[in-house]
Amino acid sequence: MILVTGGAGYIGSHLVLELLKRGYKVSVFDNLSTGHIETVNKLKETGKKNFEFIKGDLNNKNEINAAFSKEINGVIHFAASALVYESTVNPAKYYENNFCGTLNLLNSMRENNVSKIVFSSTAATYGEPIKIPIDENHPQNPINPYGKSKLMIEKMMDDYDMAYGIKSVRLRYFNVVGADSKFRTGEWHDMETHIVPNILKSLFVKNQTFKIFGTDYDTKDGTCVRDYVNVEDLAQAHILAFEYLQKGGKTDFFNIGTNEGNTVREIFEYCSMITGKKIPFEIAPRRKGDPARLVADNKKAKEILKWTPKKTLKESIQTAYEWEKQLNLQKN
Ligand code: UFG
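This text gives an overview of the structure that appears in the document. (Residues numbered from 1 in each chain as written. Predicted model: local features only at pLDDT ≥ 70, side-chain atom pairs only at ≥ 80, totals over all residues. Heavy atoms only, no water.)

1. A closer look at the overall build of the chain
No. 1: A tally of helices and strands in the chain yields 11 helices and 14 strands.
No. 2: On C-alpha atoms alone, the chain measures out to a radius of gyration of 19 Å, which is about the 20 Å that the 2.2 N^0.38 rule sets for 332 residues.
No. 3: In the chain, which comprises 332 residues, the share counted as buried stands at 55%.
No. 4: Sequence separation of at least 24 residues holds for 80% of the intrachain contacts in the chain that already meet a minimum separation of 6.
No. 5: Roughly 15,000 Å² of accessible area belongs to the chain as shown, and the carbon and sulfur atoms make up 50% of that amount.
No. 6: Distance between charge centroids for the chain: 2 Å, based on 45 positive and 40 negative side chains. (Helix = DSSP H or I, 4+ residues; strand = E, 2+ residues; numbered from the N terminus. Rg over C-alpha atoms; globule rule 2.2 N^0.38 Å. Buried < 20%, exposed > 50% of the residue type's maximum accessible area, 1.4 Å probe, protein only. Contact = heavy atoms within 4.5 Å. Areas by Shrake-Rupley, 256 points an atom, 1.4 Å probe, with all protein chains shown as cover. Lys, Arg positive; Asp, Glu negative; His and termini not counted. Charge placed at Lys NZ, Arg CZ, Asp CG, Glu CD.)

2. A word on the state of the cysteines
No. 1: Scanning the entire structure with this criterion turns up 0 disulfides.
No. 2: The closest cysteine sulfur to the non-disulfide-bonded Cys271 is located on Cys224, 16 Å from its own sulfur. (Disulfide = S-S within 2.5 Å.)

3. Examining the nonpolar core
No. 1: By size, the foremost hydrophobic cluster in this structure holds 39 residues, and its most contacted members are Val4, Leu19 and Leu171.
No. 2: Counting residues per element, the ones that place at least two in this core are β1 (2–5), α1 (10–21), β2 (26–30), α2 (37–47), β6 (167–173), α8 (231–246), β11 (252–256) and α10 (299–305).
No. 3: If you tally residues by element for this core, the top one is α8, at 9 residues.
No. 4: The residues touching Leu171, leaving out its near neighbours within four places in the chain, are Val118, Phe119, Ser120, Ser121, Thr122, Ala237, His238, Ala241, Phe254, Ile256 and Leu305. (Core = buried A, V, L, I, M, F, W, Y, C linked by side-chain atoms within 4.5 Å.)

4. Things to note about the side chain of Thr258
No. 1: Relative to the helices and strands, Thr258 is located in the loop between β11 and β12 (262–263).
No. 2: Among the polar contacts listed, one links the side chain of Thr258 to the side chain of Asp227, at a separation of 2.7 Å.
No. 3: The residues touching Thr258, leaving out its near neighbours within four places in the chain, are Asp227, Tyr228, Val229, Asn298 and Pro309. (Polar contact = N/O pair within 3.5 Å; in protein donor to acceptor, adjacent residues only side chain to side chain.)

5. Comments concerning the pairing of β2
No. 1: Most of β2 sits out of view: 5 of its 5 residues are buried.
No. 2: Here β2 shows two buried faces, one formed by Val26, Val28 and Asp30 and the other by Ser27 and Phe29.
No. 3: Considered for its hand, the β-α-β crossover made up of β1, α1 and β2 is right-handed.
No. 4: Bridge count for β2 against strand β3 (residues 51–55) is 5 bridges, and the pairing is parallel. Each bridged residue has a counterpart across the sheet, and for Phe29 the counterpart in β3 is Ile54. (Right-handed = clockwise from strand over helix to strand, strands pointing away. Pairing = 2+ DSSP bridges.)

6. Side note on the packing of aromatic side chains
No. 1: Taken as a whole and judged by the stated rule, the model has 8 aromatic pairs.
No. 2: For the ring pair Tyr24 and Phe242, a centre distance of 6.4 Å and an interplane angle of 80° mean the geometry is edge-to-face. Here Phe242 lies in helix α8 and Tyr24 lies in the loop between α1 and β2, a separation of 218 residues in the sequence. This pair shows no difference in class: Tyr24 is buried, exactly as Phe242 is.
No. 3: When the centroid spacing of 6.3 Å and the interplanar angle of 90° are considered together, the rings of Tyr94 and Tyr146 count as edge-to-face. A residue pair is termed long-range when its members are at least 10 positions apart, and Tyr94 in helix α5 (residues 91–111) and Tyr146 in helix α6 (residues 145–164) qualify at 52 residues. With respect to burial, Tyr94 and Tyr146 carry one shared label: buried.
No. 4: Grouping aromatic residues by their ring pairs yields a cluster made of Phe210, Phe268 and Phe281.
No. 5: Over the aromatic face of Tyr164 sits the side chain of Arg110, whose NZ or CZ is 3.7 Å from the ring centroid. (Phe/Tyr/Trp six-rings, centres within 6.5 Å; stacked < 30°, edge-to-face > 60°. Lys NZ or Arg CZ within 6 Å of the ring centre and 35° of its normal.)

Here you go:
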């Protein structure tokens, strides 16, 4: 059985569905601070006897320790606070939830003799890029507490391998988009900051206008370039990473992105085209802390994990749109 922390969240829930599809037994540990009970119910409906849910917090040592039943033989760890801006005004939350939470998790793994973990790291550990595309040897100089907290965890994991033999794979994601092809889950943040759901919400939420943050970057159309990876493709990367560890793979880290960049304007145009709707937008000043370009070099994940992104950006936006429609129907 695999313990999935943060399995009620956006990326975690997609991974749980994929694990269940492959016949794995899954235990989700989540405090539901940003994840949703509706998502847990969907996972339960899909997984039936192969699924269990534990409501608990990584900052509570007893709760996380109790989650390690005898059956757990590996961990996939998503639970974290993940808003870049929030981390700059409330760093305590990030070091506590991300770093201290993971410290408790790793210590519970030690106590319970569980030695394999796949960890959701981020492109934010690289900071302002000095070259594009970014490969795994790019210096890691994060520029916000979110990225710093994730980098501290990566370093802690190296030490826990050397001293205690806990093997880890750190997946450094770029920008994640899309929803489950059967629409059982999708991106659902109560405080939404991400580009695609924000564009789509402008179609459903009264008086919401999509803001393009900055049109004066040194890029082909003046807006920021990002590497958008599909959430189901990302779930596959976690499965491959877990299997890699099961086969005796060493502690390692991989970029998970597509090697392709798209500008904010391009994403907006794609959304307009796919929805066939005129989406309200306005030009706004740059958002603090946004690098002009972030594009992954994913060669290492392709070579070692045998991972390749399969879904197109069009598919990602289509599924995100269907999911957003469903979400707004539920609310109204
Ligand atoms: N953007 C807008 N308007 C919006 C939202 C976003 O113009 O309403 C722009 C941003 O300025 C940025 C791009 O769209 O240029 C992507 O922004 P997101 O907020 O969707 O994603 P980020 O690139 O800021 O952050 C993502 C993850 C982080 C991770 C980071 C890695 O959400 O968790 O990639 O660099 F740390």
